[in-house]
Amino acid sequence: MHHSVPIFVWNEREQSEHDHHHHSHRRHKRDWVIPPINIPENMRGPFPKRVIQIKSSRADEMTVFYSITGQGADTPPVGLFTIEKSTGWLYITKPLDREEIPSYNIFLHAESASGAAVETPIEVTITVTDQNDNRPHFTQTVYEGSVAEGSTPGTPVMTVSAIDPDDAQYSDNGVIRYSITAQTPQEPDKEMFRIDHTSGVISVAKSGLSYEQSKKYVVTVTATDQDGHGFRSTATAVITVLQPGGDMSGGSDSLLSTHVLNTAQGIPAKSLTITLSKMDAGQARWVQVSRSVTNEDGRCPGLLRGEPLTAGTFQLRFDTKDYWKQMQQDSFYPYVEVVFTITDPKQKYHVPLLLTPFSYTTYRGS
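Computed from a prediction, not measured in an experiment: that's the story for all the values here. (Residues numbered from 1 in each chain as written. Predicted model: local features only at pLDDT ≥ 70, side-chain atom pairs only at ≥ 80, totals over all residues. Heavy atoms only, no water.)

**Overview of the environment of Val260**
Next, step 1: Here Val260 shows up in strand β19 (residues 256-262).
Next, step 2: With a relative accessible area of 0%, Val260 lands in the buried category.
Next, step 3: Beyond its immediate sequence surroundings of up to four residues, Val260 is in contact with Pro268, Ala269, Leu272, Ile274, Thr294, Gly298, Phe318, Leu353 and Leu355. (Helix = DSSP H or I, 4+ residues; strand = E, 2+ residues; numbered from the N terminus. Buried < 20%, exposed > 50% of the residue type's maximum accessible area, 1.4 Å probe, protein only. Contact = heavy atoms within 4.5 Å.)

Here's what the structure looks like:
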């Protein structure tokens, strides 16, 4: 990328006319002005490669020598940028990586042969422009959720999430779109579930979910960057169909429950993603038990996916940022994590959450 545009400004101003019989013009000091410098990442060699030529406003009347300081020049990564002392050509010595460092601030200096400054040093930002050089990747390879038999279309099941480190602010390289590309089994319909293209929320698409016909569905979800036209990656969503009443009363799932209320508006918090994890004491790490989404009542049936409730330390993580975002409200807490200990797995444990955009309350309910 070569630039040979002039990058200095001749700044001439007229002095005010206080005397009608005399006009005087005063030439003010000329200022050098450097335009923004944009360099695409992953540039091919050979290196060093010319980027742009710097020219002092004094260059036509005297010999000027140029130098640079700052990040990438004389501070780490040292030597990434160099400048030709006599001509002012700025060079790059190796490819840039926007995901590593998105921009650099350097100072340009212009001096006379004696070493005296002929310009005020000027700070310039070098912006690394993005290329779509990263594939989106899911936060998990397998997602697990559950839904009650006979659930109506629109009932949320779970949320999947993918990350792309490419730029999503000034380009669509990091903008992800979700889709469902496979479903097993395909009965009673090959499209029993749908996914929100932007949020990753999987919900019921067709009526007819039957525990007796299909106790479990395996769905392949795809994340594609460049707003759905670029690189893609896949993950698996396992959806368990719960027996009638198995998630609401009786059974292990009735022993652990939660209920989320949006107290700012006095409504249940619908479509809020909840992740239940249990502490593995031997490994000293959290192990995910389930990931699901609250229903229209703000409840989350099937937290235990029908498995027995056991003693131990558990964590409920509520993805509150995404919830308030879908409600078109700013919020203070990106997520809420409630950690609690179950000592008697035969008792009932109810963990409600009362939410506003800037506060939350939790307690052991009944």
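The structure having been displayed, the exposition proceeds.
**Describing the pattern of salt bridges**
Next, step 1: Considering all chains together, one arrives at 10 salt bridges under this definition.
Next, step 2: The residue Asp227 makes a salt bridge to Arg177 at a minimum N-O spacing of 2.8 Å. A residue pair is termed long-range when its members are at least 10 positions apart, and Asp227 in helix α1 (residues 225-228) and Arg177 in strand β14 (residues 177-184) qualify at 50 residues.
Next, step 3: Among the residues examined, Asp227 registers a relative accessible area of 33% and is labelled partly exposed.
Next, step 4: Overall, Arg177 belongs to the partly exposed group, its relative accessible area being 27%.
Next, step 5: A salt bridge links Asp319 to Arg291, with the shortest nitrogen-to-oxygen separation between them at 3.8 Å. Linking Asp319 in the loop between β23 (312-318) and α2 (320-326) with Arg291 in strand β22 (residues 285-293), this pair joins segments that are 28 residues apart in sequence.
Next, step 6: What makes Asp319 buried here is its relative accessible area of 11%. (Salt bridge = Lys/Arg side-chain N within 4 Å of Asp/Glu carboxyl O.)

**Some points on the environment of Ile34**
Next, step 1: Considering the arrangement of structural elements, one finds Ile34 in the loop between β2 (25-26) and β3 (37-40).
Next, step 2: Once the C-alpha coordinates of Ile34 and Ser56 are considered, the two residues, 22 residues apart in sequence, prove to be 9.7 Å apart.

**Brief notes about the side chain of Thr294**
Next, step 1: By secondary structure assignment, the location of Thr294 is in the loop between β22 and β23.
Next, step 2: Of the residues examined, Thr294 reaches a relative accessible area of 0% and is grouped as buried.
Next, step 3: Polar contacts involving the side chain of Thr294 include one to the main-chain carbonyl oxygen of Ala269, which spans 2.7 Å.
Next, step 4: Among the polar contacts listed, one links the side chain of Thr294 to the backbone nitrogen of Ser271, at a separation of 3.1 Å.
Next, step 5: Discounting chain neighbours no more than four positions away, the residues touching Thr294 are Pro156, Val260, Ala269, Lys270, Ser271, Leu272, Ile274, Arg299 and Cys300. (Polar contact = N/O pair within 3.5 Å; in protein donor to acceptor, adjacent residues only side chain to side chain.)

**A word on the pairing of strand β17 (residues 216-224)**
Next, step 1: The sheet contact formed by β14 and β17 spans seven bridges and is antiparallel. Residue pairing in the sheet places Gln183 in a bridge with Val219 of β17.
Next, step 2: The sheet contact formed by β17 and strand β18 (residues 232-242) spans nine bridges and is antiparallel. Along β18, the bridge assignment pairs Ala223 with Ser233. (Pairing = 2+ DSSP bridges.)

**A closer look at the packing of aromatic side chains**
Aromatic ring pairs are defined here through the distance separating the ring centres and the angle between the ring planes.
Next, step 1: Taken as a whole, this structure holds eight aromatic pairs when the rule is applied.
Next, step 2: Here the aromatic rings of Phe138 and Tyr143 are separated by 6.2 Å at their centres, their planes lie at 75°, and the arrangement is edge-to-face. For the pair shown, Phe138 and Tyr143 are each scored as buried.
Next, step 3: For the pair Phe193 and Tyr217, a centre-to-centre distance of 5.2 Å together with 75° between the ring planes defines the contact as edge-to-face. Placement of Phe193 in strand β15 (residues 193-195) and of Tyr217 in strand β17 is noted, with a sequence separation of 24 residues between them.
Next, step 4: Under the relative-accessibility criterion, Phe193 is labelled buried at 5%.
Next, step 5: The class of Tyr217 is buried, set by a relative accessible area of 0%.
Next, step 6: Taken together, Phe138, Tyr143 and Tyr178 form an aromatic cluster joined through their ring pairs.
Next, step 7: Over the ring of Phe65 we find Lys85; its NZ or CZ atom is 5.2 Å from the centre of that ring.
Next, step 8: Above the face of the Tyr335 ring, Arg317 is positioned so that its terminal group lies 3.9 Å from the ring centre. (Phe/Tyr/Trp six-rings, centres within 6.5 Å; stacked < 30°, edge-to-face > 60°. Lys NZ or Arg CZ within 6 Å of the ring centre and 35° of its normal.)

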